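In case you want the letters, here they are:
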Amino acid sequence: VSGVYPYCLVPVGCEPPRGLRGVGEGVVEGRDVQGFTVWTSEEPSPPSPNLESIVRHDAVVRAAAEAATPLPVRFGAWAPHPSVLVERINRRRAQLEAALTAVSGRTELGVTVEGGSMPASGSEETGDAATEPVTDGRAYLRKLSLEHADRRRRRAERLALLEGLRAALGALALHERVHPPASPALVSVAHLVPRRDEARYRQRVARFARDRSAYRVRVTGPWPPYSFASP
Amino acid sequence: LPDVVEGVPSTSLVELVNRVVDRGVSLSGDLTISVAEVDLLHIGLRLVLRSVADEEADAAAIPGTVLARRIGEGV
């Protein structure tokens with residue numbers, strides 16, 4: 001028997017569309033495991049850790065999201081035999097059940113914020129010191145001090161943005177996960193939102209953005225709830 | 001980039017990779033990163049990897065609010 005690769009857990013009876021292909025061209029099928037249906041494909045070996053495999057993994061999870069809210073499995077969880085996968089799931093069954101219930105009927109939306117009034121370096125206070133060549137110990141310490149002050153300002157700016165966003169979204173965001181922002185983003189945050197409230201979420205983020213013209217605010221998603229599926 | 005990601009903006013691609021690789025349920029597993037059929041790095045996915053930036057970002061969340069609670073905690 002070939003190895004097996006899992007993509008997501010869904011409620012029992014939620015089956016993949018016919019002919020859906022997985023990370024290695026295996027056909028995706030639903031496997032009932034102790035109260036779940038797990039979307040898997042038979043794969044003789046672990047997937048190559050490359051961009052194409054990652055995108056294929058996501059495509060299967062997104063296909064599941066069209067039928068029900070899936071609990072996404074992290075990339076790379078290949079098992080050498082179906083019994084190994086079943087054993088892994090059984091070991092964490094209570095946690096997985098709770099997590100699947102928690103995301104049911106919900107979707108993940110994200111907000112990224114770029115720009116801002118205070119650049120990371122060379123701001124008014126730092127002047128040219130941050131970019132000046134370090135010629136002696138005093139200059140080196142001054143540079144460190146300015147960089148530290150700059151990081152504190154950025155952090156305060158991020159916190160203010162997050163607070164503003166929370167106030168704008170109110171109870172619409174059921175849960176929040178703050179992600180490390182990938183440059184040039186200042187803030188990257190994911191929210192778990194009822195599926196029916198996606199339009200309202202976008203409206204509220206737009207309102208939040210209107211009051212902050214110095215920033216570029218962008219909504220990402222909807223995503224399968226990756227950020228809220230890590231028990 | 002491979003065909004399957006044509007037309008995907010690069011910023012969205014970064015967010016996609018972050019989510020698929022770093023989030024989601026960890027059901028164990030192993031990956032071996034190879035170059036030219038030489039195994040260079042074996043990764044045991046039983047470990048939960050967290051970057052310093054990740055820790056800092058979580059710390060930036062204002063404590064004491066319902067919003068800052070993550071589903072992963074306590075389940």
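See the structure above.
Residues numbered from 1 in each chain as written. Chains lettered and ligands numbered in written order. Predicted model: local features only at pLDDT ≥ 70, side-chain atom pairs only at ≥ 80, totals over all residues. Heavy atoms only, no water.

Colleague: Describe in detail the packing of aromatic side chains, supporting the description with residues and values.
Modeller: Scanning the entire structure with this criterion turns up two aromatic pairs over all chains. Measuring from centroid to centroid gives 4.9 Å for A:Tyr5 and A:Tyr7, while their planes differ by 75°, and the two rings are edge-to-face. With a relative accessible area of 0%, A:Tyr5 lands in the buried category. Among the aromatic side chains, those forming a connected cluster through ring pairs are A:Tyr5, A:Tyr7 and A:Phe75. Taking NZ or CZ as reference, B:Arg19 lies 4.2 Å from the ring centre of A:Trp223, over its face. (Phe/Tyr/Trp six-rings, centres within 6.5 Å; stacked < 30°, edge-to-face > 60°. Buried < 20%, exposed > 50% of the residue type's maximum accessible area, 1.4 Å probe, protein only. Lys NZ or Arg CZ within 6 Å of the ring centre and 35° of its normal.)

Colleague: Give me the side chain of A:Thr107: which residues, what numbers.
Modeller: All names here are of chain A. Of note, Thr107 is situated in strand E5 (residues 106–115). Judged by its relative accessible area of 10%, Thr107 is buried. Within the structure, the side chain of Thr107 is placed 3.3 Å from the backbone oxygen of Trp223, a separation counted as a polar contact. (Helix = DSSP H or I, 4+ residues; strand = E, 2+ residues; numbered from the N terminus. Polar contact = N/O pair within 3.5 Å; in protein donor to acceptor, adjacent residues only side chain to side chain.)

Colleague: Account for the sheet that holds strand E7 (residues 185–194) of chain A, naming residues and giving values.
Modeller: Residues and elements named next belong to chain A. Within the open sheet, the four strands sit side by side as E6-E7-E5-E8. Their pairing is antiparallel. Lying at the two open borders of the sheet, with one neighbouring strand each, are strand E6 (175–179) and strand E8 (215–223). Neighbouring strand axes in the sheet, compared pairwise and without regard to direction, differ in orientation by 20° on average. Sheet analysis places E5 next to E8, joined by seven bridges and oriented antiparallel. By the bridge assignment for E8, Glu114 is matched with Arg216. Helix H5 (residues 198–210) contacts E5, E7 and E8 of the sheet and is inclined by roughly 170° relative to E8. (Pairing = 2+ DSSP bridges. Axes fitted to C-alpha atoms, helices over the stretch in contact; angles between N-to-C directions. Contact = heavy atoms within 4.5 Å.)

Colleague: Can you explain the pairing of E7(A)? Please cite residues and give values.
Modeller: Side-chain direction in a regular strand flips from residue to residue, so the side chains alternate between the two faces of the sheet. Residue and element names in this part refer to chain A. Summarising burial for E7: ten of the ten residues are buried, a large majority. The pairing of E5 with E7 spans nine bridges and is antiparallel. Within E7, the position partnered with Glu114 by the bridge is Ala185. Relative to E7, E6 runs antiparallel, the two sharing five bridges. In the strand pairing of E7, His179 is matched with Ser188.

Colleague: Any details on unusual backbone geometry? Residues and values, ideally.
Modeller: All names here are of chain A. In the segment running from Gly221 into Pro222, the intervening peptide bond is cis, with an omega of 10°. Phi is positive for Gln34, which is not a glycine, with a value near 45°. Within the secondary structure, Gln34 is located in the loop between strand E2 (28–33) and strand E3 (36–42).

Colleague: Break down helix H3 (residues 93–103) of chain A for me, citing the residues and quoting the values.
Modeller: Residue and element names in this part refer to chain A. Within H3, the full set of buried residues consists of Leu96, Ala99, Leu100, Ala102 and Val103. Along the long axis of H3, the arc covered by the buried residues comes to 160°, so they all point the same way. Turned more than 90 degrees off the buried face of H3, the exposed positions are Ala94 and Thr101. Structurally, H3 contributes buried residues whose contacts are with strand E1 (4–10), E3, strand E4 (71–72), helix H2 (82–91), E5 and E7. Just downstream of H3 lies Gly105, where phi reads positive at about 75°. (Arc of directions from axis to C-beta.)

Colleague: How would you sum up the pattern of salt bridges? Please name residues and give values.
Modeller: Taken as a whole and judged by the stated rule, the model has 15 salt bridges over all chains. The salt bridge involving B:Arg19 is made with A:Glu108; its shortest N-O contact spans 2.7 Å. On the criterion of chain membership, the pair formed by B:Arg19 in helix H1 (residues 10–22) and A:Glu108 in strand E5 is interchain, its members lying in two chains. Notably, a salt bridge pairs A:Glu147 with A:Lys143, separated by 3.5 Å at the nearest N-O pair. With a gap of four residues between them, A:Glu147 and A:Lys143 both fall in helix H4 (residues 137–169), about one helical turn apart. (Salt bridge = Lys/Arg side-chain N within 4 Å of Asp/Glu carboxyl O.)

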